[in-house]
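One-letter residues, chain by chain:
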Amino acid sequence: MQIQSENRCFGGRQLVLEHPSMATGTPMRLAVFLPPAAQAGRVPVLYWLSGLTCTEENFTVKAGAQRLAAELGLMIVAPDTSPRGDGVPDDRDGAYDFGLGAGFYVDATESPWSTHYRMRSYVEDELPALIADGFPADPDRSAISGHSMGGHGALTMGLRNPGRYRSVSAFAPIVSPLNCPWGEKALGGYLGPDRGRWREYDACALIEDGARVPELLIDQGSADDFLDGQLKPALLETACEQAGIPLTLRMQPGYDHSYFFIASFIDDHLRWHGERLHA
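The rules we used
Residues numbered from 1 in each chain as written. Predicted model: local features only at pLDDT ≥ 70, side-chain atom pairs only at ≥ 80, totals over all residues. Heavy atoms only, no water. Helix = DSSP H or I, 4+ residues; strand = E, 2+ residues; numbered from the N terminus. Rg over C-alpha atoms; globule rule 2.2 N^0.38 Å. Buried < 20%, exposed > 50% of the residue type's maximum accessible area, 1.4 Å probe, protein only. Pairing = 2+ DSSP bridges. Axes fitted to C-alpha atoms, helices over the stretch in contact; angles between N-to-C directions. Contact = heavy atoms within 4.5 Å. Core = buried A, V, L, I, M, F, W, Y, C linked by side-chain atoms within 4.5 Å. Polar contact = N/O pair within 3.5 Å; in protein donor to acceptor, adjacent residues only side chain to side chain. Expected span 1.5 Å × (residues − 1). Phe/Tyr/Trp six-rings, centres within 6.5 Å; stacked < 30°, edge-to-face > 60°.

(A) Here's a closer look at the overall build of the protein chain. Tallying secondary structure elements over the protein chain gives 9 helices and 9 strands in all. Taking 2.2 N^0.38 as the reference for a compact globule, 279 residues should give roughly 19 Å; the C-alpha atoms of the protein chain span a radius of gyration of 17 Å, in line with that estimate. Across its three principal directions, the C-alpha atoms of the protein chain cover 50 × 45 × 35 Å. When the 279 residues of the protein chain are sorted by exposure, 58% land in the buried category.

(B) Expanded view of the sheet that holds strand β8 (residues 216-221). Ordered by their spatial adjacency, 9 strands build an open sheet running β1-β2-β3-β5-β4-β6-β7-β8-β9, and the pairing between neighbours is mixed. The open sheet is flanked by β1 (2-9) and β9 (247-252), the only strands paired with a single partner. The mean angle between the axes of side-by-side strands here comes to 20 degrees, regardless of whether they run parallel or antiparallel. Direction of pairing for β8 relative to β9: parallel, over a ladder of 6 bridges. Residue pairing in the sheet places Leu217 in a bridge with Thr248 of β9. Together, β4 (43-49), β6 (137-146), β7 (167-171) and β8 form the strand contacts of helix α4 (residues 149-160), whose direction differs from that of β6 by roughly 135 degrees.

(C) View of unusual backbone geometry. A cis amide bond links Ser111 to the next residue, Pro112, at an omega of 0 degrees. A positive phi angle, near 45 degrees, is found at Ala172, a position not held by glycine. In this fold, Ala172 is placed in the loop between β7 and α5 (181-191). For Lys232, which is not glycine, the phi dihedral falls at a positive 50 degrees. Position of Lys232 relative to the elements: it lies in the loop between α7 (227-231) and α8 (233-243). Overall, the relative accessible area of 27% leaves Lys232 in the partly exposed class.

(D) Inspection of the nonpolar core at higher detail. Ranked by size, the top nonpolar core spans 89 residues in total, and within it Val32, Met75, Val77, Ile131 and Tyr190 carry the most contacts. Considering each element in turn, this core owes the most residues, 7 residues, to helix α9 (residues 259-277). When near neighbours in sequence (up to four residues on either side) are disregarded, Met75 contacts Val32, Phe33, Leu34, Pro35, Val43, Pro44, Val45, Leu46, Ile131, Phe135, Pro136 and Ala137.

(E) Summary view of the environment of Asp90. By secondary structure assignment, the location of Asp90 is in the loop between β5 (75-79) and α3 (119-134). Of the residues examined, Asp90 reaches a relative accessible area of 35% and is grouped as partly exposed. In this structure the C-alpha to C-alpha distance between Asp90 and Gln39, which are 51 residues apart in sequence, comes to 41 Å. The residues touching Asp90, leaving out its near neighbours within four places in the chain, are Phe98, Gly99, Leu100, Trp113 and Tyr117. Within polar-contact distance, the side chain of Asp90 engages the backbone nitrogen of Leu100 at 3.0 Å.

(F) Focus on α4. The end-to-end C-alpha distance of α4 is 16 Å, a good match for the 16 Å that 12 residues give at a rise of 1.5 Å each. Across the 12 residues of α4, 12 count as buried, placing the element largely inside the fold. Those residues of α4 lying buried are Met149, Gly150, Gly151, His152, Gly153, Ala154, Leu155, Thr156, Met157, Gly158, Leu159 and Arg160.

(G) A look at the environment of Gly244. In this fold, Gly244 is placed in the loop between α8 and β9. Along the primary structure Gly244 and Ile207 are separated by 37 residues, whereas in three dimensions their C-alpha atoms are 10.0 Å apart.

(H) Region of interest: the packing of aromatic side chains. In this structure the tally under the stated criterion is 12 aromatic pairs. Consider the rings of Trp182 and Phe226, whose centres lie 4.7 Å apart with planes at 45 degrees: the pair is tilted. Separated by 44 residues along the polypeptide, Trp182 in helix α5 and Phe226 in the loop between β8 and α7 bring together distant segments of the chain. Feature note: the residues Trp48, Phe59, Phe171, Tyr255, Phe261 and Phe265 constitute an aromatic cluster, connected by ring pairs.

(I) The environment of Leu30, seen in detail. By secondary structure assignment, the location of Leu30 is in strand β3 (residues 27-34). Of the residues examined, Leu30 reaches a relative accessible area of 0% and is grouped as buried. Placed 50 residues apart in sequence, Leu30 and Asp80 show a C-alpha to C-alpha distance of 5.8 Å. Excluding anything up to four places from it in sequence, Leu30 contacts Met1, Leu15, Val16, Leu17, His19, Glu56, Val77, Ala78, Pro79, Tyr122, Leu127 and Ile131.

Structure representation (structure tokens):
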């Protein structure tokens, strides 16, 4: 990995790195926060997946997570949201919800997306191996979280990989891409028209099909413009209730979809993950 920037931060190190990815066939960027405890040995790691239009920078500079992560001894890894570079296709109309910045954490099967848009393989397989090899991360103490499209990624990766992550949480996640315009556009474009192939990328469908996690923590703003049309947390609430998955769904009055919302409650999520990662 090539270090693009490095800053001292609450006694730790905030890095931005770039490396050639085998999964995407492109350079990939990511942000890594190393807490002070990483100087003495292996530490637990929280993977953060960002939403539509974002890069590795959004969470790193807007969420305000480093102070408490340093206290808790948590490494935070925040990858980019899609492949980028020469030859990587984008939405022909320049839409924000498909193509660059909108990889949706899937392995695309449709041309021309299938060559590079392999964010599932990148986040699930390649990235953890790179982090375990290059940093003092404890691979047996991993957690995952994310926002919006990234919340969808965190939920589906947690459900598809039982035992991989000790804890799973999300902010304003897209809980059922099968049942919202963002999801129908992304999954239809990347995977084709067979909706049966979409189910492994839909948290509610995965739960219906038998996937399980020990528990979930979700924060959702009541003033989120995307609440009713795109996010639909009640669908996840129903799926978890029927499956017996303990779900803490916190509706936060007056909060929207922005990083002001995330910054307001990120400490709760860090503590929640920290309790489970240090257990």
